[in-house]
Amino acid sequence: MQDYIININGLYKSFKGVDVLKGINLKIRKGSVFCLLGSNGAGKTTTVKILSTLLQADKGKINICGFDLKKDPQKVRESISMTGQYAAVDELLTGRENMYLIGQLLHIAGYKERAEILFKQFELSGAANRRSGTYSGGMRRKLDIAMSLMGNPQILFLDEPTTGLDPQNRIAMWQEVIKLKQMGITIFLTTQYLEEAERLADHVAILNNGIITAEGSVGQLKNLLPIGAVQLMFDEKQYGPAQSILEAESAASNDAGLSLTVMTDGSVEALTTLLVKFRDAGIRVKSVVQKQPTLEDVFLSQIYSGKED
Ligand SMILES: Nc1ncnc2c1ncn2[C@@H]1O[C@H](COP(=O)(O)OP(=O)(O)O)[C@@H](O)[C@H]1O
Ligand SMILES: [Mg+2]
C-alpha cells in the first residue's frame, strides 16, 4: 500500500547554468489536491514537465505511482495526464471526434463508452456533436480535461489552469477540480493565485528561489504566522516615509490605499517597538488593526525571507 502517490527527493534542474530547482522534496498523498504555489518564473512549469516526463531532471529521485521516473518513464506516462496537452485540439472536429481521436491514439479499449461517460460527467453530452471550434472558453477547458482523462490517469497535472480566465470561468474551473477529486484522481495543480490554493488545496507548497520555503495545509501555513499580521494606517503625506521605515522589517506588504501590513510575532512588545520607531521618526500612525493572516501574508513573508539570504 502506497500512501504517497508522488515522492520527490532532492530534485535539481538548471538551464544554461541558471539554477531553477535547487533541491525540491515533496510527498503528495493519493487522492489529494496538491497546490504548488509560486510567482511567475518560480519554476512551476519546469517541475510539472519533469514529473510528467517531458523534461529530464539534473538530479533527484522521483517516484510516481510506485514507478521510478528515471527507470520506468513509460509506466509513469501511462499513470498520469496533463491538461493543456491537447490544447491544439482540432477545432474542425466535434467534441466526440476529438475524444475518439485520443482514444485511438492511446489504444484505449472501449474508448467510445469511456467518451460517453466523460461527456456525462462534464455535462458535454449535448454538445458532443458540435464542432469544438464553436465551444465557449469554459466548454473547451472541460473538453480538454475530459480528453486528458480518456486514458484513466491516476494523477492529473493542471499547470496554471485558471491563468487568463475571467472570474466566472475561474470559478467553473474550481468546480471541475473539486469534481476531479471526487472521482478519486490526485490533482497536482500549480498556481500564482493564493485564493485558488486556499479554495482547493489539501496541501500547499510555496516554491520560491528554487526551494520549497513552506508547506502544509492552508491552516498550517497560516499558523506559521501566529497572530502577527498588523495593519497600520497612515496619512497620505506620511505613507512614503512610513514605507521606508518598514523596508527594514522582514515582511511588510503594501496594501491598496494608505495602509501597510507588517508581520510581527504577535507580542505586545513587538507592536510597541514598531510604534516607537514611527514616533521617533515623527510619523503618525492613524490606526492599528490586528489581522487574521491570509495565505497571501504567508506567501509574502516567504518571499521576503527568501530575499534576505
Ligand atoms: N528551456 C528553458 N531554457 C532556459 N530557461 C528556461 C527554460 N525553461 C524555463 N526556463 C527558466 O526557468 C525559470 C522557471 O521557469 P518556469 O518553470 O516556466 O516558471 P513558472 O512556470 O513558475 O512561471 C524561468 O526563469 C525561465 O526563464
Ligand atoms: Mg508556468
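Residues numbered from 1 in each chain as written. Chains lettered and ligands numbered in written order. Predicted model: local features only at pLDDT ≥ 70, side-chain atom pairs only at ≥ 80, totals over all residues. Heavy atoms only, no water.

Inspection of the secondary structure puts Thr 47 in helix 1 (residues 44-51). Relative accessible area serves as the criterion here: at 1%, Thr 47 is assigned to the buried category. Not counting residues up to four positions away in its chain, the partners in contact with Thr 47 are Leu 11, Leu 21, Leu 36, Phe 188 and Leu 207. (Helix = DSSP H or I, 4+ residues; strand = E, 2+ residues; numbered from the N terminus. Buried < 20%, exposed > 50% of the residue type's maximum accessible area, 1.4 Å probe, protein only. Contact = heavy atoms within 4.5 Å.)

A few words on the sheet that holds strand 4 (residues 59-64). If you trace the 4 strands from one edge of the open sheet to the other, you get 2-1-4-5, paired in antiparallel fashion. A strand with exactly one partner marks an edge of an open sheet, and here the two such strands are strand 2 (18-29) and strand 5 (67-68). Alignment of strand 4 against strand 5, held across 2 bridges, turns out to be antiparallel. Looking at strand 5, one finds that Ile 64 is bridged to Phe 67. Seen against the sheet, helix 1 touches strand 1 (4-15), strand 2 and strand 4 and runs at an angle of roughly 120 degrees to strand 1. (Pairing = 2+ DSSP bridges. Axes fitted to C-alpha atoms, helices over the stretch in contact; angles between N-to-C directions.)

Moving on, we get to the pattern of salt bridges. The final tally for this structure, using the stated rule, is 12 salt bridges. Across the salt bridge formed by Glu 160 and Lys 44, the nearest N and O atoms sit 3.4 Å from each other. One end of the pair, Glu 160, is in the loop between strand 7 (155-159) and helix 6 (167-182); the other, Lys 44, is in helix 1, with 116 residues separating them in the sequence. (Salt bridge = Lys/Arg side-chain N within 4 Å of Asp/Glu carboxyl O.)

Close contacts around ligand 1 come from Phe 15, Lys 16, Val 20, Ser 39, Asn 40, Gly 41, Ala 42, Gly 43, Lys 44, Thr 45 and Thr 46, and that covers them all. Thr 45 is positioned such that a nitrogen or oxygen atom in its side chain is 2.8 Å from an oxygen atom of ligand 1. Within the side chain of Thr 46, one N or O atom sits 2.5 Å away from an oxygen atom of ligand 1. If ligand 1 stood free it would expose 570 Å²; the protein chains cover 58% of that surface. Ranked by the residues each element gives to the shell around ligand 1, the list is headed by helix 1, at 3 residues. (Near = heavy atom within 4 Å. Polar contact = N/O pair within 3.5 Å; in protein donor to acceptor, adjacent residues only side chain to side chain. Areas by Shrake-Rupley, 256 points an atom, 1.4 Å probe, with all protein chains shown as cover.)

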